[in-house]
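Read off the chains here:
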Amino acid sequence: MNLKKSIFLFMLILSLAITGCVSSQDAVKAQDYMDKLAGILNRQMQLGLEFNEMLENADEVSDEEAITKMTDFNERSQKIYIDFQMIAVPHDDFRAAHEQFATLVSTASKSIGMMYDTVVNDVPVNNSEVIDIMDQQAKAGRQFFTDIKPLMEKYKASFPIDQELAKKAIGLMNNL
């Protein structure tokens, strides 16, 4: 009888290993991670929309107000980046996606920083650098979602971004 139980247990463990089942603890860690990344992305999209609104109304904004707003945008952008750096990868499976998300967040922060330097420190804009940063950001975003999709399935996790915010941000990007 013990031999049959041992064989059954061995086969059960082997089948779980082969199918790649994840523990409930790993699934919880993965969802917590996804929630944190979605929160970062939501904040980044909100900042981008507010920044774009300021640019659209640039003629109505005084120099002093522009400096105040750009200082706020730059500080918020840096805070988002720092908050992202505090997020630990829940499993090695997430490393590649995490690196793409890091590029996404750092390039967004860098573009805000460049605009801050332009408005506050009167540093001229280097158009080729701006285009390069936007290209890096777009590629990183696409690759992140490519990398994360199978992990979401494997860990039964969702990526709860604000859908309305995402629609606005995507609309804005399509108009650039």
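Residues numbered from 1 in each chain as written. Predicted model: local features only at pLDDT ≥ 70, side-chain atom pairs only at ≥ 80, totals over all residues. Heavy atoms only, no water.

Caption draft 1: Representation of the overall build of the protein within the structure. The number of helices and strands found in the protein is 6 helices and 0 strands. Each helix (α) and strand (β) of the protein, taken in turn from the N terminus, gives the series α-α-α-α-α-α. For the protein, the proportion of its 176 residues judged to be buried stands at 31%. In the protein, once contacts between residues fewer than 6 apart in sequence are set aside, the share between residues at least 24 apart is 81%. Accessible area of the protein: about 11,300 Å², with a carbon and sulfur share of 57%. (Helix = DSSP H or I, 4+ residues; strand = E, 2+ residues; numbered from the N terminus. Buried < 20%, exposed > 50% of the residue type's maximum accessible area, 1.4 Å probe, protein only. Contact = heavy atoms within 4.5 Å. Areas by Shrake-Rupley, 256 points an atom, 1.4 Å probe, with all protein chains shown as cover.)

Caption draft 2: Quick look at the packing of aromatic side chains. Tallied over the full model, the rule gives 8 aromatic pairs. Judged by centre distance (5.8 Å) and plane angle (80°), the ring pair of Phe-51 and Phe-73 falls under edge-to-face. Of the two residues, Phe-51 is situated in helix α2 (residues 24–56) and Phe-73 in helix α3 (residues 63–85); the sequence distance between them amounts to 22 residues. With respect to class, Phe-51 is no different from Phe-73; both count as buried. When the centroid spacing of 5.4 Å and the interplanar angle of 40° are considered together, the rings of Phe-84 and Phe-101 count as tilted. With Phe-84 in helix α3 and Phe-101 in helix α4 (residues 95–121), this residue pair connects regions lying 17 residues apart in the sequence. An identical accessibility class is assigned to Phe-84 and Phe-101; each is buried. Members of the aromatic cluster, joined through ring pairs, are Phe-84, Phe-101, Phe-144, Phe-145 and Phe-159. (Phe/Tyr/Trp six-rings, centres within 6.5 Å; stacked < 30°, edge-to-face > 60°.)

Caption draft 3: A look at α3. Its 23 residues give α3 an end-to-end C-alpha distance of 33 Å, which sits within 8% of 33 Å, the value for a rise of 1.5 Å per residue. The set of residues buried in α3 consists of Ala-66, Met-70, Phe-73, Asn-74, Ser-77, Ile-80, Asp-83 and Phe-84. Lining the buried residues of α3 we find α2 and α4. (Expected span 1.5 Å × (residues − 1).)

Caption draft 4: Representation of the pattern of salt bridges. All told, the structure shown has 11 salt bridges when counted by the stated rule. Across the pair Asp-32 and Lys-36 runs a salt bridge, and its minimum N-O distance is 3.3 Å. Here the residue Asp-32 and the residue Lys-36 both occupy positions in helix α2, the gap between them amounting to 4 residues, near one helical turn. By relative accessible area, which is 40% here, Asp-32 ends up partly exposed. As a salt-bridge pair, Asp-93 and Lys-154 come within 2.8 Å of each other at their nearest N and O atoms. Note that Asp-93 is positioned in the loop between α3 and α4 and Lys-154 in helix α5 (residues 127–154), a separation of 61 residues in sequence. With a relative accessible area of 37%, Lys-154 lands in the partly exposed category. One continuous salt-bridge network, built from bridges that share partners, spans Arg-43, Lys-79 and Asp-83. (Salt bridge = Lys/Arg side-chain N within 4 Å of Asp/Glu carboxyl O.)

Caption draft 5: The side chain of His-98, seen in detail. Topologically, His-98 is positioned in helix α4. Residue His-98 is classed as buried on the basis of its relative accessible area, which comes to 13%. A distance of 2.6 Å separates a polar atom in the side chain of His-98 from a polar atom in the side chain of Tyr-33. Discounting chain neighbours no more than four positions away, the residues touching His-98 are Tyr-33, Phe-84, Ile-87 and Val-89. (Polar contact = N/O pair within 3.5 Å; in protein donor to acceptor, adjacent residues only side chain to side chain.)

Caption draft 6: Summary view of the nonpolar core. Counting 39 residues, the largest nonpolar core has Leu-37, Phe-94, Phe-101 and Phe-159 as the members making the most contacts within it. For this core, the elements supplying multiple residues, two or more each, are α2, α3, α4, α5 and α6 (163–175). Examining the composition of this core, we find that 12 residues originate from one element, α2, more than from any other. Apart from the residues within four sequence positions on either side, Phe-94 is in contact with Ala-30, Tyr-33, Met-34, Val-89, Ile-148, Leu-151 and Tyr-155. (Core = buried A, V, L, I, M, F, W, Y, C linked by side-chain atoms within 4.5 Å.)

Just distances and angles here, no functional claims.
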